[in-house]
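An overview of the molecular structure
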Amino acid sequence: MSPEIIIMLTNNDITVSNAEEVFESCKDLPTKKWGFKDVGLPKDGMIRLAKKMKEAGKETYIEVVTYTEEGCLEGAKLAYECGFDYLTGALPFDSVFQYAKEHHLKYSPFCGTVGGSPVALSGTMDEIVASAKACIEKGADGVDLTSYRYVDGDPVVLTKAVVDAVGADKVCIAGSIGNVERMDEMKKAGVAEYTMGSALFNANFVKGGTFRENLEFVLDYLNK
């Protein structure tokens, strides 16, 4: 079974300024999961775009890339105030779990030791697997795994290990899936979903093509 993709209206880890226009041009396509990051748009723009996504029948995701407890909690509050269904990223602080539970936010935190921008993932495979399991045990709906940002080992082997440990439906691969080879790798690894953004804006699949043309290619490829 092919993974689902979460379309992120982000390029180089920042929400694009014309995200609303891009979404409007593609909302009729048969992909239900859409999102963007907590940086790049003013708050009123985020609220408006998240609302448009919900009105179009989409599931909505915000990814928060910050590493302090205060910053992660602020990200959770932003997710709620903007009306998102899912909060992804951030670190699994107890305060973030509590806030997400109280405000009915589905939450998938980063697992493993993450840091920097763009995110880098480090640690042994056993440590990352243990982190993923601990997140699920604390009540996470899933984990945000930055497999292709892993600096200490093989991203595919890591992905399979985390999928085996917590279940395919609990693993979302975040970032750096920008060609069909990596799409194939993640399908073989058994992940349920992964994000894609920059690859569509940078026309990795249909050279010189629009965002929509690249997204159509990806959707057709997943359905083969």
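Every value quoted in this text rests on a predicted model; they were computed, and no experiment measured them.

Glancing now at the sheet that holds strand β7 (residues 106–108). In space, the 8 strands of this open sheet follow the order β7-β6-β5-β4-β1-β12-β11-β10, with parallel pairing throughout. Two strands in the sheet have a free side with no partner beyond their single neighbour: β7 and β10 (143–145). Recorded for the sheet is a direction-independent mean angle of 25° between the axes of neighbouring strands. Note that strand β5 (residues 59–64) and strand β6 (residues 86–89) share 4 bridges and pair parallel.

Here we take up the packing of helix α7 (residues 180–189) against helix α9 (residues 211–222). Where α7 contacts α9, the axes come no closer than 12 Å and their chain directions differ by 40°. Handedness of the crossing formed by α7 with α9: right-handed. On α9, the residues that touch Val-180, Met-183 and Asp-184 of α7 are Phe-217, Val-218, Tyr-221 and Leu-222. Taken together, the residues of the contact of α7 with α9 break down into 6 nonpolar, no polar and 1 charged.

Moving on, we get to a negative patch on the surface. Judged by side-chain charge, Asp-154, Glu-181, Asp-184 and Glu-185 come together as a negatively charged surface patch. Locating Asp-184 in the fold gives a position in helix α7.

Thresholds, definitions, all that
- Residues numbered from 1 in each chain as written.
- Predicted model: local features only at pLDDT ≥ 70, side-chain atom pairs only at ≥ 80, totals over all residues.
- Heavy atoms only, no water.
- Pairing = 2+ DSSP bridges.
- Helix = DSSP H or I, 4+ residues; strand = E, 2+ residues; numbered from the N terminus.
- Axes fitted to C-alpha atoms, helices over the stretch in contact; angles between N-to-C directions.
- Left-handed = near helix turned anticlockwise from the far one by under 90°.
- Contact = heavy atoms within 4.5 Å.
- Nonpolar A, V, L, I, M, F, W, Y, C, P; charged D, E, K, R; others polar.
- Patch = residues over 30% accessible without salt bridge, like charges linked within 9 Å, V, L, I, M, F, W, Y side chains within 5 Å.
- Areas by Shrake-Rupley, 256 points an atom, 1.4 Å probe, with all protein chains shown as cover.
- Salt bridge = Lys/Arg side-chain N within 4 Å of Asp/Glu carboxyl O.
- Lys, Arg positive; Asp, Glu negative; His and termini not counted.
- Charge placed at Lys NZ, Arg CZ, Asp CG, Glu CD.

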